[in-house]
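Listed below are the residues making up each chain.
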Amino acid sequence: MTYDINKAVKWGIAPIGWRNDDIPSIGKDNNLQQLLSDIVVAGFQGTEVGGFFPDSDKLNYELKLRHLEIAGQWFSSFILRDGIEKASAAFEKHCQFLQAVHAHIAVVSEQTYTIQQSDTKNIFTDKAYMTDDEWDKLCQGLNHYGEIAAKYDIKVAYHHHMGTVVQTKEETDRLMANTDPQLVGLLYDTGHIAVSDGDYMSLLNDHIDRVVHVHFKDVRKDKEKENREKGLTFQKSFLNGMFTVPGDGDLDFKPVFQTLIDHQYKGWIIVEAEQDPEKANPLEYALKAKQYINEELLKH
Ligand SMILES: O=C1C[C@@H](O)[C@H](O)[C@@H](O)C1=O
Ligand SMILES: [Co+2]
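In this text the structure is predicted, and so the values were computed from the model without any measurement. Numbering of residues begins from 1 in every chain and follows the order in which that chain's sequence is written. Each chain is given a letter, starting from A, and each ligand a number, starting from 1, according to the order in which they appear as written. With the structure being a predicted model, the display of local features is reserved for residues of pLDDT at least 70 and the display and counting of side-chain atom pairs for 80 or more, all residues being used for whole-chain, interface and lining totals. Computation of side-chain values: all heavy atoms of the structure, hydrogens and water removed.

A. Spotlight on the state of the cysteines. The rule for a disulfide is simple: a pair of cysteine sulfur atoms within 2.5 Å. Applying the stated criterion across every chain yields a total of zero disulfides. C95 takes part in no disulfide bond, and the closest cysteine sulfur to it belongs to C139, at a distance of 18 Å. For C139, a relative accessible area of 3% gives the class buried. For every residue, the accessible area obtained with a 1.4 Å probe (protein chains only) is divided by the maximum for its type, and the residue is called buried under 20%, exposed over 50%, and partly exposed between those limits.

Written out as C-alpha cells, the structure reads:
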C-alpha cells in the first residue's frame, strides 16, 4: 500500500502553550473552550489532555462541536517510588480515561527523582541516575504498563525528559533495549533530546521503529546557553524562552520530518512549546507553527 502522508500523520498542538500543568497559575484565564477554538483556528486536528481538562463527557462534547480529537495524555509514573502494583493501578485508571476520550496514546514519564518541578535544582546538571536494580524495576513495570494499555487499545509512548531518570540518549537506549518492543514504544521529543544531548537526530535514527508518538518542540539556542550559564531550573528555563514552536527556534525540523516519513511514520505529531502565554500569545504561536508545517515541511 502506498504511504499517504495526509492519512498517516495527524497534526496536533498541546495545551501547554496556553496553560502549563507544572505552573497552574500561568495562563489560568485560558479556558478549555478558548483553547479548543484556538486549535481549530490554527488548523490542527487535535490535542493532548491538559491537567485542567474536565471529565470525559464534558470534554467529548466540546471536542465534537469542533471536530477535534484527543491524541493522548501525559502520565506521571512512580514505579520506583510506589512499586509496580500500585503504579499499575494508577496507570490502568489513566487508560480508562483515555479510552473514554477515544485516545490511543499514553505518554509515560517516570517521575520518581525528577527535578523538573524543582525551585532550586539546575536542570542542566542536577538530574538523578538509577541503580541497576532500579533500571530492572522500571523496565519490568513499563512492560506491565504495555500489557495493561493493550487491553484498552492504547500504546505506551515513553517520554525521555530533561531532569528525569530517562533523559539522555544513552538512558533512552538502555530503556529501549530492556523493554519489549511490542509493549513499550518511544515518544520522540525534539526539544528534550536537543537540550539534553545537542544531537537530536541519532535518537530518532536509532529508534525510529519504536517511535509511536512525536512532540515537535523547538529550542532557542541563545536562551538555552544563557539558562545553562545561569544554572536555571527547568521552569525558569522555559519561562525565559528556551522553547518555542517549530520554525521559530534553531532546530531543523526538515530532516526530522523526512526521517519520519521515510520510515512511513503513522501517528500524531504534536507541536508542544511551553512558553509564558503573557509573552508568547498562544494563538499567534499556534498559527506560526502551522504555517511553518504547511510551507516548510509539507510542501517539500
Ligand atoms: O511532554 C511534555 C509534558 C510536560 O508536562 C513537560 O514538562 C514538557 O516539557 C513535555 O515535553
Ligand atoms: Co514533550
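B. Quick look at the pattern of salt bridges. Whenever a carboxyl oxygen of Asp or Glu lies within 4 Å of a side-chain nitrogen of Lys or Arg, that contact is scored as a salt bridge. Summed over the entire model, instances satisfying the criterion amount to 19 salt bridges. Here K221 and E224 are joined by a salt bridge, their closest N and O atoms 3.4 Å apart. Taken together, the residues span about one helical turn, with K221 and E224 both in helix α10 (residues 221-230) at a distance of three residues. The exposure class assigned to E224 is buried, which follows from its relative accessible area of 7%. Where salt bridges share partners, they join K169, D173 and D206 into one cluster. Numbering goes from the N terminus for both helices and strands, where a helix is a DSSP run of H or I of at least four residues and a strand is a run of E of at least two.

C. Representation of the nonpolar core. Think of a nonpolar core as a cluster: buried Ala, Val, Leu, Ile, Met, Phe, Trp, Tyr and Cys residues, connected wherever their side-chain atoms sit within 4.5 Å. With 89 residues, the main nonpolar core has F44, F91 and L260 as its most contacted residues. Residue contributions to this core peak at seven residues, all from helix α6 (residues 132-151). The contact rule is simple, with two residues in contact once any of their heavy atoms fall within 4.5 Å. Ignoring sequence-local partners within four residues, the contact set of F44 consists of W11, G12, I13, I39, L68, V271, A286, A289, K290 and I293.

D. The packing of aromatic side chains, seen in detail. Aromatic rings from Phe, Tyr and Trp, taking only the six-membered ring of Trp, are treated as a pair when their centres fall within 6.5 Å; an angle between ring planes under 30 degrees marks them as stacked, one over 60 as edge-to-face, and anything in between as tilted. Applying the stated criterion across every chain, the model contains 10 aromatic pairs. Pairing W11 with F216 gives two aromatic rings, centres 6.1 Å apart and planes at 65°, and the pair type is edge-to-face. Of this pair, W11 sits in strand β1 (residues 9-13) while F216 sits in strand β7 (residues 211-216), and the two are 205 residues apart along the sequence. Taking relative accessible area as the criterion, F216 reaches 0% and is therefore assigned buried.

E. Broad picture of the layout of surface pockets. Here a cavity denotes a set of grid points, spaced 1 Å apart and computed over the protein atoms alone, in which a 1.4 Å probe fits but from which it cannot get out, and a pocket denotes an open set meeting protein on both sides within 12 Å along at least five of seven lines; residues with an atom within 4 Å of a point are reported as lining. Grid points are joined across faces, edges and corners, and a volume is the space filled by probe spheres set on the points. The computed volume of the largest pocket comes to approximately 420 Å³. I16, D21, V49, W74 and E272 are, among the 26 residues lining the largest pocket, the residues nearest its centre. For the lining of the largest pocket, the elements supplying multiple residues, two or more each, are β2 (46-49) and β3 (69-77). It is β3 that contributes the most residues to the lining of the largest pocket, three residues altogether. All amino acids are sorted into three groups, where Ala, Val, Leu, Ile, Met, Phe, Trp, Tyr, Cys and Pro are nonpolar, Asp, Glu, Lys and Arg are charged, and the leftover types, Gly among them, are polar. For the lining of the largest pocket, the per-class residue count stands at seven nonpolar, 12 polar and seven charged. Quantified by volume, the second largest pocket comes out at close to 350 Å³. Of all the secondary-structure elements, those providing two or more residues to the lining of the second largest pocket are α1 (5-8), β3, β7 and β10 (267-271). Considering every element that reaches the lining of the second largest pocket, the biggest residue donor is β3, with three residues. Each residue belonging to the lining of the second largest pocket can be placed in one class, and the counts come to eight nonpolar, four polar and six charged.

F. Spotlight on helix α7 (residues 169-177). Residues K169, E171, T172, L175 and M176 constitute the buried set of α7. Down the axis of α7, the buried side of the element spans an arc of 160°, and every buried residue falls inside it. Exposed positions of α7 whose direction lies more than 90 degrees from the buried face are E170 and A177. Throughout, the arc means the angular range of directions from the helix axis out to the C-beta atoms.

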